[in-house]
Amino acid sequence: MATDRKIALITGANKGIGFETARRLGALGAVVLAGARDEGRGEAAVERLRAGGADAHFVHLDVTDPGLIEQAARRVDAIHGRLDILVNNAGVNVEWPANPPSQVGAAQLRATFETNVHGVAAVTNAVLPLLRRSAAGRIVNVSSEMGLPAWLDGSAMPAITAYSVSKAALNMLTLLYANELRDTAIKVNACSPGFVATDINDGVGERTAEEGAAIEVRLALLDADGPTGRFVTDAGVLPW
């Protein structure tokens, strides 16, 4: 058990922005719990993290599987007794490149919400008792500016309906958690890593995963006077 270092759980940590977030937190001294739904890819990612010097450990975690979520929470409790950082990074986009709402079916909406919203709530609730034991718990929800109505209004960006709507719901969920936990040591924020080239967009993004991870790491390590209930980008806080 690490008593003097941050314990950080990152979902979807086997690749992309999640992996880079795990790598950077590990480099800064955190004990990294790398969550991944595919055991082989998760173990391989942990080997890479360890090769880079991180104290990293694989956690079998599919955010849509209640059994695996509870199993992961019990494991963190048994080994560490607390959790300092939760980065809800796992996300899906089932309709890339784009679909207007008139062409999005209920199945696409359900599949997207299952990971991007329901999964975040399920994981957060499962580990919240462990975050309450931390002297400075931090929850980082990886969202997107596409979930901000003010940003989309008049935007030339093509509609990615299910994804955008799921991120709008995630933004509201972030606010609700922040309000519930406002009188605790836990801070809850949403962030946008920007248009990062990852598997979720077939690698056509403009930023690297390492660049995208910077904001997640910053929010994960907020000081006591840092914000809560905010939507944050590299450029600063954006209005909801």
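What this report covers is the structure whose coordinates are included nearby. Predicted model only: the values in this text are computed from it and were never measured.

### Some points on the packing of aromatic side chains
A full pass over the atoms with the stated rule returns one aromatic pair. When the centroid spacing of 5.8 Å and the interplanar angle of 80° are considered together, the rings of Phe231 and Trp240 count as edge-to-face. Directly above the aromatic system of Phe19 lies the positively charged group of Arg48, at a separation of 4.0 Å from the ring centroid.

### Side note on the sheet that holds strand 8 (residues 236-238)
Reading across from one edge, 3-2-1-4-5-6-7-8 is the order of the eight strands in this open sheet, with mixed pairing throughout. Two strands lie at the open edges of the sheet, namely strand 3 (55-60) and strand 8, each paired on one side alone. Strand-to-strand twist of the sheet, defined as the mean angle between neighbouring strand axes without regard to direction, takes the value 25°. Judged from the six bridges that link them, strand 2 (residues 31-36) and strand 3 form a sheet pairing that is parallel. Bridge pairing in strand 3 links Ala34 to Phe58.

### A short note on the environment of Leu83
If you trace the backbone, Leu83 turns up in the loop between helix 3 (66-80) and strand 4 (85-88). Take Leu83: its relative accessible area is 0%, and that puts it in the buried class. As a C-alpha pair, Leu83 and Pro129 span 46 residues in sequence and 8.6 Å in three-dimensional space. Excluding residues that lie within four positions of it along the chain, Leu83 makes contacts with Ile7, Ala8, Leu9, Leu33, Val76, Val127, Leu130, Leu131 and Ser134.

### Examining the environment of Trp240
One can find Trp240 in the segment after strand 8. With relative accessibility at 31%, the residue Trp240 sits in the partly exposed group. Distance in space between the C-alpha atoms of Trp240 and Arg230 is 7.8 Å, their sequence separation being ten residues. Contacts of Trp240, omitting those with residues within four sequence positions, involve Leu148, Pro149, Asn171, Thr174, Leu175, Ala190, Gly229, Arg230 and Phe231. Polar contacts involving the side chain of Trp240 include one to the main-chain carbonyl oxygen of Gly229, which spans 3.1 Å.

### Things to note about the pattern of salt bridges
In the structure shown here, the tally under the stated rule is four salt bridges. The shortest N-O distance in the salt bridge between Arg5 and Asp55 comes to 2.8 Å. You can see Arg5 sitting in the segment before strand 1 (7-10) and its partner Asp55 sitting in strand 3, a full 50 residues away along the chain. What makes Arg5 partly exposed here is its relative accessible area of 32%.

### Quick look at the environment of Leu68
Inspection of the secondary structure puts Leu68 in helix 3. Exposure remark for Leu68: the relative accessible area of 14% places this residue in the buried category. As a C-alpha pair, Leu68 and Ala126 span 58 residues in sequence and 11 Å in three-dimensional space. Contacts of Leu68, omitting those with residues within four sequence positions, involve His60, Leu61 and Asp62.

### Some points on the nonpolar core
Formed by 32 residues in total, the largest nonpolar core has its most connected members in Leu9, Leu33, Leu83, Leu86, Val127, Leu131 and Ile139. Those elements that provide at least two residues to this core are strand 1, strand 2, helix 3, helix 4 (106-132) and helix 6 (161-180). Here this core gets ten residues from one element, more than from any other, and that element is helix 4. With sequence-adjacent residues up to four places away left out, Val127 is seen in contact with Leu9, Ala73, Leu83 and Leu86. If you look at the next biggest cluster of nonpolar residues, it comprises 27 residues, including Ala45, Val142, Leu222 and Val232.

What counts as what
- Residues numbered from 1 in each chain as written.
- Predicted model: local features only at pLDDT ≥ 70, side-chain atom pairs only at ≥ 80, totals over all residues.
- Heavy atoms only, no water.
- Phe/Tyr/Trp six-rings, centres within 6.5 Å; stacked < 30°, edge-to-face > 60°.
- Lys NZ or Arg CZ within 6 Å of the ring centre and 35° of its normal.
- Pairing = 2+ DSSP bridges.
- Helix = DSSP H or I, 4+ residues; strand = E, 2+ residues; numbered from the N terminus.
- Axes fitted to C-alpha atoms, helices over the stretch in contact; angles between N-to-C directions.
- Buried < 20%, exposed > 50% of the residue type's maximum accessible area, 1.4 Å probe, protein only.
- Contact = heavy atoms within 4.5 Å.
- Polar contact = N/O pair within 3.5 Å; in protein donor to acceptor, adjacent residues only side chain to side chain.
- Salt bridge = Lys/Arg side-chain N within 4 Å of Asp/Glu carboxyl O.
- Core = buried A, V, L, I, M, F, W, Y, C linked by side-chain atoms within 4.5 Å.

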